[in-house]
Amino acid sequence: MAIPALAAPAAAAPREAAPPALVARYNFDGGATAGKISDLSGKGTNLTVRGADNGTVAINTEGAGRYAAFPVPCATTAPCARAILEAPNSPDLNPGVRTFRWAASVRVTAAQMKGKANIMQKGLAGAESVWKMQLTGKTGRAQCAMTGKGTTQAFTATSAKPIADGAWHKIVCERTATTLSVSVDGVPGTKVTIPATLSVDNTMPLRIGGPNFGASSDMYHGQLDDVYIQVG
């Protein structure tokens, strides 16, 4: 009696990568309550409005939504009104070497560009490590920047075109295993190669609108909406 041939084993189903995890999101539609802006991701990383020299962050209405507006540039030599949004340090905001994406919609004019402008960041250059979204001072191009722990070497990806034109633009920064990239309104900018070992893990707060209140800090003077951060 012939022995029937054994059926080939079924192929294993392809393993799907886990979707990115949303670790912070702010759309400002709920306004500020007692100086706090809620984190819509459910992680509880709420923002606190901080100001110096009578500066504050206004929550303005446009259509069916709302957005954050930062103090305008100062034309005098007197102390200028400055403001930032700040969230405490959180493990969720320290990506290490993982895939990491940070994004925001911004609206800024050329007149609001008074040098380099830091839109959002965690960490400071030359201290531990940093991830950052900023605008260049000369042309108003969007940039995504990273510096890893234990090194001073900075990596920067730059948008294809300037965005300081008074229109809303969506900026997306992304770090994968060995690349750092930027896109504006879906249009890719430069993509730079980074070490797979580049790790961002620091004890600094998340700051939006500027790095600190130093006399020469790179403050952002435009408007902001739809901020989100993803890991994985």
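Residues numbered from 1 in each chain as written. Predicted model: local features only at pLDDT ≥ 70, side-chain atom pairs only at ≥ 80, totals over all residues. Heavy atoms only, no water.

Draft legend 1. Broad picture of the overall build of the protein chain. When helices and strands are counted, the protein chain shows 0 helices and 16 strands. Taken across its 232 residues, the protein chain has 47% of its residues classed as buried. When contacts within the protein chain are restricted to residue pairs at least 6 apart in sequence, long-range pairs at least 24 apart make up 64% of them. In the form shown here, the protein chain has an accessible surface area of approximately 11,500 Å², with 55% of it arising from carbon and sulfur atoms. (Helix = DSSP H or I, 4+ residues; strand = E, 2+ residues; numbered from the N terminus. Buried < 20%, exposed > 50% of the residue type's maximum accessible area, 1.4 Å probe, protein only. Contact = heavy atoms within 4.5 Å. Areas by Shrake-Rupley, 256 points an atom, 1.4 Å probe, with all protein chains shown as cover.)

Draft legend 2. Focus on the sheet that holds strand β2 (residues 36-37). Strand order in the open sheet formed by 8 strands is β2-β3-β6-β15-β8-β9-β10-β11, with antiparallel pairing between adjacent strands. Of all the strands in the sheet, just β2 and β11 (154-162) have a single pairing partner and so form its edges. (Pairing = 2+ DSSP bridges.)

Draft legend 3. Up close: empty space enclosed by the protein. Per the counting criterion, the structure on display carries 1 cavity of 30 Å³ or more. Approximately 40 Å³ is the volume found for the largest cavity. Together, Q121, K122, G123, L124, M204, P205, R207 and P211 line the largest cavity. Of all the elements, strand β8 (residues 117-124) adds the most residues to the lining of the largest cavity, at 4 residues. (1 Å grid on protein atoms, 1.4 Å probe; cavity = no way out; pocket = protein on both sides within 12 Å on 5 of 7 lines; lining within 4 Å. Points joined across faces, edges and corners; volume = space filled by probe spheres on them.)

Draft legend 4. View of the pattern of salt bridges. In the structure shown here, the tally under the stated rule is 5 salt bridges. With its nearest N and O atoms 2.8 Å apart, the salt bridge here joins R107 to E62. One end of the pair, R107, is in strand β7 (residues 100-107); the other, E62, is in strand β4 (residues 58-62), with 45 residues separating them in the sequence. On the basis of relative accessibility, which here comes to 39%, the residue E62 falls in the partly exposed class. Here the salt bridges do not stand alone but share partners, grouping R50, E86 and R207 into one network. (Salt bridge = Lys/Arg side-chain N within 4 Å of Asp/Glu carboxyl O.)

Draft legend 5. Representation of the side chain of Q134 in the model. Counting through the fold element by element, Q134 comes out in strand β9 (residues 127-135). By relative accessible area, Q134 is classed as buried at 5%. Among the polar contacts listed, one links the side chain of Q134 to the side chain of K132, at a separation of 3.5 Å. Not counting residues within four places of it along the chain, the set of residues in contact with Q134 comprises K116, A117, N118, I119, R141, A142 and Q143. (Polar contact = N/O pair within 3.5 Å; in protein donor to acceptor, adjacent residues only side chain to side chain.)

Draft legend 6. Structural detail: the nonpolar core. In terms of nonpolar packing, the biggest core is built from 48 residues, with F28, W102, M120, L135, I171, L224 and I229 touching the most fellow members. Once residues within four sequence positions are removed from consideration, M120 is found in contact with W102, A103, A104, W131, K132, M133, R207, I208, V227 and I229. (Core = buried A, V, L, I, M, F, W, Y, C linked by side-chain atoms within 4.5 Å.)

Draft legend 7. Geometry of unusual backbone geometry. With a phi close to 55°, A34 is a non-glycine residue in the positive phi region. Mapped onto the elements of the fold, A34 is located in the loop between β1 (21-26) and β2. Residue N54 is not a glycine yet carries a positive backbone phi of 65°. Mapped onto the elements of the fold, N54 is located in the loop between β3 (47-52) and β4. When its relative accessible area of 82% is taken as the criterion, N54 is described as exposed.

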